[in-house]
Every structure is written in structure tokens, then in C-alpha cells.
Amino acid sequence: GAVVSQHPSWVICKSGTSVKIECRSLDFQATTMFWYRQFPKQSLMLMATSNEGSKATYEQGVEKDKFLINHASLTLSTLTVTSAHPEDSSFYICSARSPGTGEAFFGQGTRLTVV
Amino acid sequence: GIQVEQSPPDLILQEGANSTLRCNFSDSVNNLQWFHQNPWGQLINLFYIPSGTKQNGRLSATTVATERYSLLYISSSQTTDSGVYFCAVGDTGTASKLTFGTGTRLQVTL
């Protein structure tokens, strides 16, 4: 299947700082990528849809100024958590769908802890 | 938006037992996938099954799209099957998002 790689796997940052998470499609081009967030013992919730060359589409209730998304190439999307606070601590995971089959594949996820 | 409910929410099995996990969805879909989330959070693709039946080793899945449900069967369970199982639904197309179900947390004991 297709490979989606996410980096870093975990990060600890101080409150008020910004953190960038990268998501790459390794063996296919992805004009669209998806960013999800998962709190402990909960399901995955879509935060935003990342569109190559245009603005991201954010789900209701997600602050676009706090979660900056950039999709500058067909294989890379980044999520920047700006001015992070402890309540932003969560598991963030990206996804892209294979252009051949439409099957969705996920990165390894990033566990963010804000202290 | 579409609602996706999974049952049971929690399941404890002894090694070697069989189980059936269910995924109900509230609207027509063209895409349905099953995932296993391991203890490190990684989502492992199990099945891409918008309709019909598929089998992969000890796992099999059936989706009855007209009745808006899918079933995941695990036979001869092993401790490595432990984790959370999610179904996710959506439309076809690479720009279409997936909506995740509530998940089933499975623990397989010796």
C-alpha cells in the first residue's frame, strides 16, 4: 500500500512556543491531505483538509490561526501549532488517499505534550 | 453529518476465541475502511471494503451497504490483536474525508 510518513513522532514543548509537524506521501502525489486529532481514549476527529496550492479547509470549531496548515508541494503538508498551550496536548495524525484505489493511509502520528 | 457507531465499545477475549465487531453508519457511503490502532497509536489498514466480503488470514470483513453496516470478524484471537479497532466511512475520491467510528477496544488475554 501507499506510504505516509509523519515527523516527529513525539514532541515536548513549552507553553507559548510553536511546533511544526510534517506529513509526507512517500510514493504517491497527494493534492489533498487530512489532519486529525485524537484525545486519550477517544476517536479520531478531523481538524482540517489540506489542499496543495490553496488554503486549507477547517472543520467547525478548529481555530485556523492556531493550527496553521501549509501544503506547498504534492508530497508535503505541514501543521504548525502556534502559541501552544497544555490543552493542545494531543495525538495528531495525518492522512492521504491513494490516487489509484482511494484507500486512505495514515502517518505514524505525533504525540504533542505542552508543558 | 454522518454518524458512525461501533459495538461493542469494549471487549475482553481469551486467546483463541472468535469475535465480531460491528460498525453502523447513518447514511449511504462509497468508502469504508477498518483500521487497527496499536498501542503506539499507529493506524494499521485492515480492509478497504465499501461493499462485499474480504478475508485476510484470521480476519475477514463484510459490508452490507444497503443496510448501512459492516462487520469485522476476528478468529482465533491472539494477544497481538489487542488494541482499538476503528471503522471509517466516506465518499470515493482523494479529496473526500473519512469520518471515524467510536471504536472498539479489544483486549486479548492469555
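Residues numbered from 1 in each chain as written. Chains lettered and ligands numbered in written order. Predicted model: local features only at pLDDT ≥ 70, side-chain atom pairs only at ≥ 80, totals over all residues. Heavy atoms only, no water.

Next up on the list: the overall build of chain A. Assigned secondary structure in chain A consists of zero helices and eleven strands. A compact globule built from 115 residues should have a C-alpha radius of gyration of about 13 Å, and chain A, at 13 Å, falls within 12% of that. For chain A, the spread of C-alpha atoms along the three principal axes comes to 40 × 30 × 25 Å. The contacts of chain A with a sequence gap of at least 6 include a subset with a gap of at least 24, amounting to 52%. Of the roughly 5,600 Å² of accessible surface on chain A, a fraction of 52% belongs to carbon and sulfur atoms. Of the side-chain charges in chain A, 10 are positive and 9 negative, and the distance between the mean point of each set is 4 Å. (Helix = DSSP H or I, 4+ residues; strand = E, 2+ residues; numbered from the N terminus. Rg over C-alpha atoms; globule rule 2.2 N^0.38 Å. Contact = heavy atoms within 4.5 Å. Areas by Shrake-Rupley, 256 points an atom, 1.4 Å probe, with all protein chains shown as cover. Lys, Arg positive; Asp, Glu negative; His and termini not counted. Charge placed at Lys NZ, Arg CZ, Asp CG, Glu CD.)

Attention now goes to the sheet that holds strand 3 (residues 19-25) of chain B. Residues and elements named next belong to chain B. Pairing is antiparallel across the open sheet formed by five strands, whose spatial order is 1-3-8-7-6. Every interior strand has two partners, whereas the edge strands, strand 1 (4-7) and strand 6 (52-56), have only one. Taking the axes of each pair of neighbouring strands and ignoring which way they run, one obtains an average angle of 15° across the sheet. (Pairing = 2+ DSSP bridges. Axes fitted to C-alpha atoms, helices over the stretch in contact; angles between N-to-C directions.)

A separate point is the state of the cysteines. Simply put, the disulfide is a covalent bond whose two ends are the sulfur atoms of two cysteines. Residues and elements named next belong to chain A. Taken as a whole and judged by the stated rule, the model has two disulfides over all chains. Across the disulfide, C23 is cross-linked to C94 (sulfur-sulfur distance 2.0 Å). Given an S-S torsion of about 85°, the disulfide between C23 and C94 has right-handed geometry. On the criterion of sequence distance, the pair formed by C23 in strand 3 (residues 19-25) and C94 in strand 9 (residues 90-97) is long-range, its members being 71 residues apart. For C23, a relative accessible area of 0% translates into the label buried. When its relative accessible area of 0% is taken as the criterion, C94 is described as buried. (Disulfide = S-S within 2.5 Å. Buried < 20%, exposed > 50% of the residue type's maximum accessible area, 1.4 Å probe, protein only.)

On to the sheet that holds strand 7 (residues 67-73) of chain A. All names here are of chain A. A sheet is described by the order of its strands in space; here four strands give the open sequence 1-3-8-7, paired in antiparallel fashion. The sheet is open, and its two borders are formed by strand 1 (4-7) and strand 7, each paired with just one other strand. On average, each strand axis in the sheet is tilted by 15° relative to the strand beside it, whichever way the strands run.

Another aspect to go through is the pattern of salt bridges. Residue and element names in this part refer to chain B. Applying the stated criterion across every chain, the model contains four salt bridges over all chains. Where D81 meets R58, a salt bridge forms, and the shortest distance between an N and an O atom there is 2.9 Å. Remark: R58 occurs in the loop between strand 6 and strand 7 (59-64) and D81 occurs in the loop between strand 8 (69-74) and strand 9 (83-90); sequence separation between them is 23 residues. Classification of D81 by relative accessible area gives buried; the value is 7%. Residue classification places R58 among the partly exposed positions, given a relative accessible area of 26%. (Salt bridge = Lys/Arg side-chain N within 4 Å of Asp/Glu carboxyl O.)

With that out of the way, let us pick up the packing of aromatic side chains. Geometrically, a pair of aromatic rings is defined through the distance of the ring centres and the angle of the planes. Inspection of the entire model under this criterion finds seven aromatic pairs over all chains. Consider the rings of Y36 of chain A and F106 of chain A, whose centres lie 5.7 Å apart with planes at 50°: the pair is tilted. Of this pair, Y36 of chain A sits in strand 4 (residues 32-38) while F106 of chain A is found in strand 10 (residues 104-106), placing the two residues 70 residues apart along the sequence. We classify F106 of chain A as buried; its relative accessible area is 5%. Ring centres 6.0 Å apart and planes at 80° place the aromatic pair F86 of chain B and F100 of chain B in the edge-to-face group. Remark: F100 of chain B occurs in strand 10 (residues 98-100) and F86 of chain B occurs in strand 9; sequence separation between them is 14 residues. There is no split in this pair, since F86 of chain B and F100 of chain B are both buried. In this structure an aromatic cluster arises from ring pairing among Y36 and F106 of chain A together with F35, F86 and F100 of chain B. Lying over the aromatic face of Y69 of chain B, R22 of chain B brings its terminal NZ or CZ to 4.2 Å of the ring centre. (Phe/Tyr/Trp six-rings, centres within 6.5 Å; stacked < 30°, edge-to-face > 60°. Lys NZ or Arg CZ within 6 Å of the ring centre and 35° of its normal.)

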